[in-house]
Amino acid sequence: MSHLSERPEKPVVGVSMPHESANLHVTGAALYTDDLVHRTKDVLHAYPVQVMKAHGRITALRTGPALDVPGVVRVLTGADVPGVNDAGMKHDEPLFPDTVMFHGHAVAWVLGESVEAARLGAAAVEVDLDEEPSVITLGEAIEAGSFHGARPLMMAGDVDAGFGDSAHVFTGEFQFSDQEHFYLETHAALALVDENGQMFVQSSTQHPSETQEIVAHVLGLHSHEVTVQCLRMGGGFGGKEMQPHGFAAVAALGALLTGRPVRVRLNRTQDLTMSGKRHGFHATWKIGFDTEGRIQALDATLTADGGWSLDLSEPVVARALCHIDNTYWIPNARIAGRIARTNKVSNTAFRGFGGPQGMLVIEDIMGRCAPLLGLDPMELRERNFYRPGQSTPYGQPVPRPERISVIWQQVREDASVLERGREIAAFNAEHPNTKRALAITGIKFGISFNLTAFNQAGALVLVYKDGSVLINHGGTEMGQGLHTKMLQVAATTLGIPLHKVRLAPTRTDKVPNTSATAASAGADLNGAAVKNACEQIRDRLLQVAGTQLGTNASDVRIVEGVARALGSEKELAWDDLVRTAYFQRVQLSAAGFYRTEGLHWDAKAFHGSPFKYFSYGAAATEVEVDGFTGAYRIRRVDIVHDVGDSLSPMIDIGQVEGGFVQGAGWLTLEDMRWDAGDGPNRGRLLTQAASTYKLPSFSEMPEEFNVKLLENATEEGAVYGSKAVGEPPLMLAFSVREALRQAAAAFGPPGISVELASPATPEAVYWAIESVRNGGARHDGRAPDGSGVPADASALSNA
């Protein structure tokens, strides 16, 4: 077992415990960024001047009327920026633009003594616009050739030969929706300048170091003149990885120019209309199978809706390409990626970061092709699982692929798939207007940042004379339990009870140059850095203990706060050991560091091993569908998920449950709509409130929800044998969509390939059922009228 994964005697990791801030959350005592406003004097409030057109050049910006509004202090414009007028890492996101790029684009910010004064001031600002043509939908962008950024191409094997060897070849087209993060806490920042001229920014950000960098370059400062702190976030889901930087920069600019603290906090409508979403995708594909239903070749083009600027679209598309295989071996592949430039908000990271989009394409293909091949969808999926010795299309060997099958079989057994399959068949035979279905899907998700440089982390651990411990690390807490795990890692490594360890807020002046808390790598990276720092201190203390106990340091163990010599009854309490070390002038603090080893990636060739390991899982979902309305309910879900040896089982199970429900929301409920007409509101987000954007709630929870963590699953080379948990469970929700597809198919004769929109809303399910009732696409791959290609452009055909 590796040093990093080995667990000591009586570890605190692996013990189920509640979230470290759970009591604060439920009592309302937990502080978030905007709560700090009430503890800060003389705060000014910033309000955006939004232009409600999709595209146009600003010909005049008159701020004078705003200054006549009582309570307005200042209007911030591009002329006020002392540094670089840009809020993005690609330098394609002007903080104060001279061209409006999407409906609701903020072109100036008003500072007022109150939010209401700032709002009235913003309404008084006059903007003249020379409107220009806009591109709103993915279809419009593809037709117009509106693209930006890199166009990666992933190649494996000989695609043409693969199709030549295929007994069955199908082609199809698929477009699926974007998704709103809808974190409970909207974007927020509070900036102030201290007596030394230091800019201090409190920000709801997943990437404090990058927020620091953007604020510094907007203000024309060096990074050591800017400190960014994140107490906690009320949710992030990737939406606060890149997008908080501009809002923090606005607050900091206002503080610099006025000398007063400045608060930016978007209301819900502003957040929905100004911040990016999960990328919606369009896919065209061609796939070949042999006579046994094994994939021979795949040729596909994935187009992501990037919005008006690049943001993180390039790595999102790269990860989508790296995950189009999911759990299936594709010996011959040609997968192209591209980014559509549209006049919408700039789409950004969202839990899974392109992985869900790539995996959804192959799962949709498998679900549509199984009936055409005369195979049960479960059987088709199982036949194509990775086997030992096989590699991904980008050349990375798949480690422990047998876990895919082990988890699959465990889910089948736990869910009593055979027995329930018979019960469902009997139910469907007796109920012509209501159908049930049970589907299983699996996942294989790569863990590490696409950009190798981001796979590093730091920590600062301080031990005080009284034996108490304070840890700082570069990860941020957004409700996912990262801080809880870090406390457990520190206590385990030092060999002390959990109550002796406290965690400080994430700050750029304690741990510098941190990576975003993203890519599911927060616990892996920061946990290893915390462990490294604690080991440095522990090794020094073992030397002191060895002297005190009259033995070699290598023979001393610190367990549950007591140092003992092996084979001896002598012991030394932790507090006494620390005090003794202090008087011996032993350093009681350490800076830890970790870099993920074994990664290599050639972005141009799109080849290498970008991931430290893969997380595996599978879910079985049973649904019931009403044939009159398309309404459905999730009757039961059974999940087995691989988190290695869990650092904190209760936290991890919660993450699996939450990820699954969020994935089900994306795939079945959350239907984002934009005005694509030619009227005055072209480009407007139509679903800009919870009243029009359907979020999963208690009523969408499975009636029976069973989650198990895979046992005996130690991951060598990861902190205490654990694996990431944040993103992978979201893709388990593919089973919901596939169950809905199978339930819709049950309204017709066998052998029908069901096309199902995404999100599969009740309306979409109803139209799928209607298609089935009218004949659908049958097992010979032909449309109901007998032609080779159905009239619907998104339909599947047998090539």
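Structure shown above.
Numbering of residues starts from 1 in each chain and follows the order in which that chain's sequence is written. Residues qualify for local features only when their pLDDT is at least 70, as the model is predicted, and side-chain atom pairs are given and counted only at 80 or more; totals for whole chains, interfaces and linings, by contrast, use all residues. The side-chain numbers reported here are obtained from all heavy atoms of the structure, hydrogens and water having been left aside.

J.: Kindly report on the side chain of Gln-396, identifying the contributing residues and their values.
T.: Within the secondary structure, Gln-396 sits in the loop between helix 11 (377–383) and helix 12 (402–414). Among the residues examined, Gln-396 registers a relative accessible area of 5% and is labelled buried. Each helix is a run of H or I in the DSSP string that is no shorter than four residues. Each strand is a run of E no shorter than two, and both are numbered from the N terminus. Type-normalised accessible area, obtained with a 1.4 Å probe on protein chains alone, sets the label of each residue: buried when under 20%, exposed when over 50%, and partly exposed for intermediate values.

J.: Tell me what's going on with the sheet that holds strand 11 (residues 226–230), and back it up with residues and numbers.
T.: Within the open sheet, the eight strands sit side by side as 3-5-1-12-9-10-11-20. Their pairing is mixed. The open sheet is flanked by strand 3 (72–76) and strand 20 (506–507), the only strands paired with a single partner. Two strands pair when backbone bridges link them, and strand 11 and strand 20 are joined in this way by two bridges, in the antiparallel orientation. Residue pairing in the sheet places Gln-229 in a bridge with Arg-507 of strand 20. Along the sheet, helix 6 (residues 208–219) contacts strand 10 (199–203), strand 11 and strand 20; its crossing angle with strand 11, the most-contacted strand, is approximately 145 degrees. Between any two strands, at least two bridges found by DSSP are needed for them to pair. Note on contacts: a residue pair is in contact if any heavy atoms of the two residues lie within 4.5 Å. For every element, the axis is a line fit to its C-alpha atoms; helices are fit only across the contacting stretch, and the angle between N-to-C directions ranges from 0 to 180 degrees.

J.: Describe the sheet that holds strand 28 (residues 632–641), with residues and values.
T.: Sheet strands pair by backbone hydrogen bonding; their relative direction is either parallel or antiparallel. Reading across the sheet, the four strands line up as 16-27-28-29 and stay open at both edges, with mixed pairing between neighbours. Since the sheet does not close on itself, it has two edges, and those belong to strand 16 (434–447) and strand 29 (704–709), each with one partner. Across the sheet, the mean angle separating the axes of adjacent strands is 15 degrees when strand polarity is ignored. Sheet topology note: the strand 27 (residues 613–626)/strand 28 ladder contains nine bridges and is antiparallel. Residue Val-625 lies in a different strand from strand 28, and its bridge partner there is Tyr-632.

J.: I'd love a proper account of the pairing of strand 17 (residues 456–463), names of residues and values included.
T.: Bridge count for strand 17 against strand 24 (residues 589–595) is seven bridges, and the pairing is antiparallel. Among the inter-strand pairings, Leu-460 is bridged to a residue of strand 24, identified as Ala-591. In this structure, strand 17 lies alongside strand 18 (residues 469–473), joined through five bridges in antiparallel fashion. Bridge pairing in strand 18 places Leu-460 opposite Asn-472. Remark: five residues form the turn of the hairpin made by strand 17 and strand 18, two consecutive strands paired antiparallel; Gly-467 in that turn has positive phi of roughly 95 degrees.

J.: Before we move on, could you go through the pattern of salt bridges and cite the residues and values that matter?
T.: Note on definitions: salt bridges are taken to be side-chain nitrogens of Lys or Arg within 4 Å of carboxyl oxygens of Asp or Glu. Summed over the entire model, instances satisfying the criterion amount to 52 salt bridges. The salt bridge involving Lys-240 is made with Glu-185; its shortest N-O contact spans 3.2 Å. A residue pair is termed long-range when its members are at least 10 positions apart, and Lys-240 in the loop between strand 11 and helix 7 (244–258) and Glu-185 in the loop between strand 8 (168–176) and strand 9 (188–193) qualify at 55 residues. Summarising the burial analysis for this pair, Lys-240 and Glu-185 share the class buried. For Arg-633, the salt bridge goes to Glu-624, with nearest N and O atoms at 3.3 Å. By sharing partners, the salt bridges in this structure join Glu-363, Asp-364, Arg-368, Arg-381, Arg-737, Glu-738 and Arg-741 into a single network.

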